[in-house]
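Coordinate inspection notes
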Amino acid sequence: MEKFHQILQHPIDSKVDWDHFHAKMRILAHREVPMSTQDERYSPKIDEDDLLRSDDGEIDEDDAKAFEQEKEVRMNSEMSDSELGNTHLTECVIEVKEEVQPIKQKPRPIPLAIRKTIWEMLQRILDQKVSRKSKSPWASPIVIVKKKDGTVRMCIDYGKVNKVIKNNAHPLPHVESTLQSLSGKKVFSTLDMISSYWQLPLEESSKEVPAFAVGNELYEFNVLPFGLVSSPAVFQSSMEAMLGELLGDCAHVYVQYWP
């Protein structure tokens, strides 16, 4: 793309290779088309080699490499809230204190007016593979929280479970320290993960501990659940491990809970 940028920097009255310019514009125009596996309208049948080939029949290797990289990013980008990613780089572990017996609590009644909404929420997390049916000896009740906009949120009361699991002492970063490290930087970007904890898988033996009861059904999480006392630190340490050498240099991780 270096040649293309050089062309754009030419004054209007300069001699410009317009054939090369138009070839590059065709590439950019194609890149503006969203690529989705869900909607054929956004997946037109286009000969990619033709887009990358200039009028002399040659394919610019730099353009081809950039095109393939961007296509891979688009194809692997989640297109809706219902599609959650799931890392394979780590598995979260919930450690229970020694000589602790599983805690089983009765499910709490759900008001008739919102039962349909709750079952729809449950079906959604089942479809997302966030949770699954369980035979765990553990069971925590759900709590229905009404939000400011009138909708409801399904939470889980892990109060008793949190007393018997080992907390993770991994330190969470201070906001002030993070902001100070940005001093002198000129370009910033943020990546906000949707249901961030749910993108970290739970180790198989840990899945029974945060099981929860709704009505006459029992479910357990396949991923790191919200509400556990150890979840923020586990998430922070996992993200830092995945960023590796980038952490503190050009990337920072900050966990903020929005009630």
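The following refers to the structure shown. (Residues numbered from 1 in each chain as written. Predicted model: local features only at pLDDT ≥ 70, side-chain atom pairs only at ≥ 80, totals over all residues. Heavy atoms only, no water.)

1. Regarding the pattern of salt bridges
The line we're drawing: For salt bridges, the criterion is a side-chain nitrogen of Lys or Arg within 4 Å of an Asp or Glu carboxyl oxygen. What counts as a helix is a DSSP run of H or I of at least four residues, what counts as a strand is a run of E of at least two, and both are numbered from the N terminus. Whether a residue is buried, partly exposed or exposed follows from its accessible area with a 1.4 Å probe, protein chains only, as a fraction of its type maximum: under 20%, in between, or over 50%, in that order.
Counted under the stated rule, the structure contains 5 salt bridges. Here Arg132 and Glu204 are joined by a salt bridge, their closest N and O atoms 2.6 Å apart. Of this pair, Arg132 sits in strand S1 (residues 131-133) while Glu204 sits in the loop between helix H7 (175-181) and strand S4 (212-214), placing them 72 residues apart in sequence. Take Arg132: its relative accessible area is 29%, and that puts it in the partly exposed class.

2. Examining the packing of aromatic side chains
Put simply, the rule is: Between 30 and 60 degrees the pair is tilted, below 30 it is stacked and above 60 it is edge-to-face, where a pair is any two Phe, Tyr or Trp rings, Trp via its six-membered ring, whose centres lie within 6.5 Å.
One pass over the structure, following the stated rule, counts 5 aromatic pairs. Judged by centre distance (5.9 Å) and plane angle (70°), the rings of Trp198 and Phe226 are edge-to-face. Separated by 28 residues along the polypeptide, Trp198 in the loop between H7 and S4 and Phe226 in the loop between strand S5 (217-221) and helix H8 (231-243) bring together distant segments of the chain. Exposure remark for Phe226: the relative accessible area of 34% places this residue in the partly exposed category. With 5.1 Å between their ring centres and 35° between their planes, Phe212 and Phe221 make a pair best called tilted. As far as burial versus exposure is concerned, Phe212 and Phe221 are alike and both buried.

3. Quick word on H8
Our working definition: The span expected for a helix works out to 1.5 Å for each residue beyond the first.
The terminal C-alpha atoms of H8, which comprises 13 residues, lie 18 Å apart, in line with the 18 Å expected from a rise of 1.5 Å per residue. Of the residues one or two after H8, Gly244 is the one with positive phi, at around 60°.

4. A look at the pairing of S5
Quick note on the threshold: One requirement defines pairing of two strands: DSSP has to find at least two bridges between them.
Here S5 lies mainly inside the structure; 4 of its 5 residues are buried. As defined by bridge partners, S1 adjoins S5 across 3 bridges and the pair is classed as antiparallel. Bridge pairing in S5 places Arg132 opposite Glu220. Here S4 runs beside S5; their pairing, made up of 3 bridges, is antiparallel. Counted as the bridge partner of Ala213 is Leu218 from S5. Counting the residues between successive antiparallel strands, the hairpin from S4 to S5 contains 2 residues, one of them, Gly215, with a positive phi of roughly 60°.

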